[in-house]
Amino acid sequence: MPSEYIPASLRSRVQERANGFCEYCKAPDSFTTASFHCDHVLPRKVGGKTELTNLAYACPWCNTHKHARTHARDPETGRQVPLFNPRRKKWQRHFIWSENFLSIIGRTQTGRATVEALNMNRPEHVNRRKVLRIAGEHPPK
């Protein structure tokens, strides 16, 4: 499916609503040179619309891993479950930070499946969190 143009005003609203953080892994856009994306929470290929209520601010790493998926396997139960939907669910309900704030832990089937499917604790993320923690910029408020 070809890329769909998202107007700058809509992109700006999505970024503003997310306070400049990936709505999945909480990576800050202010500490990366990579451009963040407007992710279609419900992918366009299954009928998702390009509108504020279906867009999430996503770092390129989470967006690339999510791609057009809506479900993934919970590593604990093996069941296929819905991925985290930032438009309908609260981050704190499905995720917590590890004791040292460097890793994201899934609290629910959806949380665990999303952490694994989006590879939210890959070494680059953990290393960035370490540096940001030392600088007093992590965890996000």
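Above this text you will find the structure in question.
Conventions used here
Residues numbered from 1 in each chain as written. Predicted model: local features only at pLDDT ≥ 70, side-chain atom pairs only at ≥ 80, totals over all residues. Heavy atoms only, no water. Salt bridge = Lys/Arg side-chain N within 4 Å of Asp/Glu carboxyl O. Helix = DSSP H or I, 4+ residues; strand = E, 2+ residues; numbered from the N terminus. Buried < 20%, exposed > 50% of the residue type's maximum accessible area, 1.4 Å probe, protein only. Contact = heavy atoms within 4.5 Å. Core = buried A, V, L, I, M, F, W, Y, C linked by side-chain atoms within 4.5 Å. Pairing = 2+ DSSP bridges. Phe/Tyr/Trp six-rings, centres within 6.5 Å; stacked < 30°, edge-to-face > 60°.

**Student:** Explanation requested: the pattern of salt bridges in the structure shown.
**Tutor:** Pairing between side chains of opposite charge can happen when the charged atoms of each approach one another. Summed over the entire model, instances satisfying the criterion amount to six salt bridges. Close ionic contact of R87 with E23 constitutes a salt bridge, the shortest N to O distance being 2.7 Å. Here E23 lies in the loop between α1 (8–17) and β1 (37–40) and R87 lies in the loop between β4 (80–82) and α3 (91–94), a separation of 64 residues in the sequence. Judged by its relative accessible area of 25%, R87 falls in the partly exposed class. Between R122 and E124 there is a salt bridge, and its shortest N-O distance comes to 3.7 Å. R122 sits in the buried class, given a relative accessible area of 6%. Look at the salt bridges and you will find they share partners, linking D74, E76 and R112 into a network.

**Student:** Looking at this model, I keep getting lost on the side chain of H138. Mind explaining?
**Tutor:** By the element assignment, H138 lies in the segment after α5 (123–134). Residue classification places H138 among the buried positions, given a relative accessible area of 7%. Apart from the residues lying within four places of it in its own chain, the contact partners of H138 are W97, F101, R129, L132 and R133.

**Student:** Sorry if this is basic, but what is going on with the nonpolar core here?
**Tutor:** Within soluble globular proteins, side chains that are nonpolar generally end up buried alongside one another. Ranked by size, the top nonpolar core spans 30 residues in total, and within it C22, Y24, C25, C62, I104 and M120 carry the most contacts. Listed by contribution, the elements that provide at least two residues to this core are α1, β2 (55–58), β5 (95–97) and α4 (109–117). Top element by residues in this core is β2. It accounts for four residues.

**Student:** What's the story with the environment of I104 in this structure? I'm lost.
**Tutor:** One can find I104 in strand β6 (residues 104–106). Residue classification places I104 among the buried residues on the basis of a relative accessible area of 3%. Residues within four places of I104 in sequence aside, it is in contact with C25, W91, F95, I96, W97, V115, M120, N121 and R129.

**Student:** Could you clarify how one ought to interpret the pairing of β2 in this entry?
**Tutor:** The side chains of a regular strand alternate between the sheet's two faces. Burial of β2 is two-sided: the residues L55 and Y57 facing one way and the residues A56 and A58 facing the other way are all buried. The sheet contact formed by β1 and β2 spans four bridges and is antiparallel. Following the sheet pairing, C38 is matched in β2 by Y57.

**Student:** Could you clarify how one ought to interpret unusual backbone geometry in this entry?
**Tutor:** The phi torsion of most residues other than glycine is negative, and most of the peptide bonds are trans. Residue P139 is bonded to the preceding H138 through a cis peptide linkage, with omega at 5°. One non-glycine residue, N19, lies in positive phi territory at about 55°. On the basis of relative accessible area, N19 is assigned to the exposed category, the value being 62%. The phi dihedral of H67 falls on the positive side, at around 50°, and the residue is not glycine. Inspection of the secondary structure assignment puts H67 in the loop between α2 (60–66) and β3 (71–73). Classification of H67 by relative accessible area gives exposed; the value is 59%.

**Student:** Got a minute to help me understand the packing of aromatic side chains in this structure?
**Tutor:** Note on aromatic pairs: each is described by the distance of the centres and the angle between the planes. Considering all chains together, one arrives at five aromatic pairs under this definition. Seen in terms of ring centroids, F36 and Y57 are 5.1 Å apart; in terms of plane orientation they differ by 35°. Their pairing is tilted. Of this pair, F36 sits in the loop between α1 and β1 while Y57 sits in strand β2, and the two are 21 residues apart along the sequence. Y57 matches F36 in its accessibility class, with the two residues each being buried. Here the aromatic rings of W91 and F95 are separated by 5.2 Å at their centres, their planes lie at 35°, and the arrangement is tilted. Here W91 matches F95 in class, with each residue buried. Ring pairing ties together the aromatic residues Y24, F84, W91, F95 and W97, which thus form one cluster.

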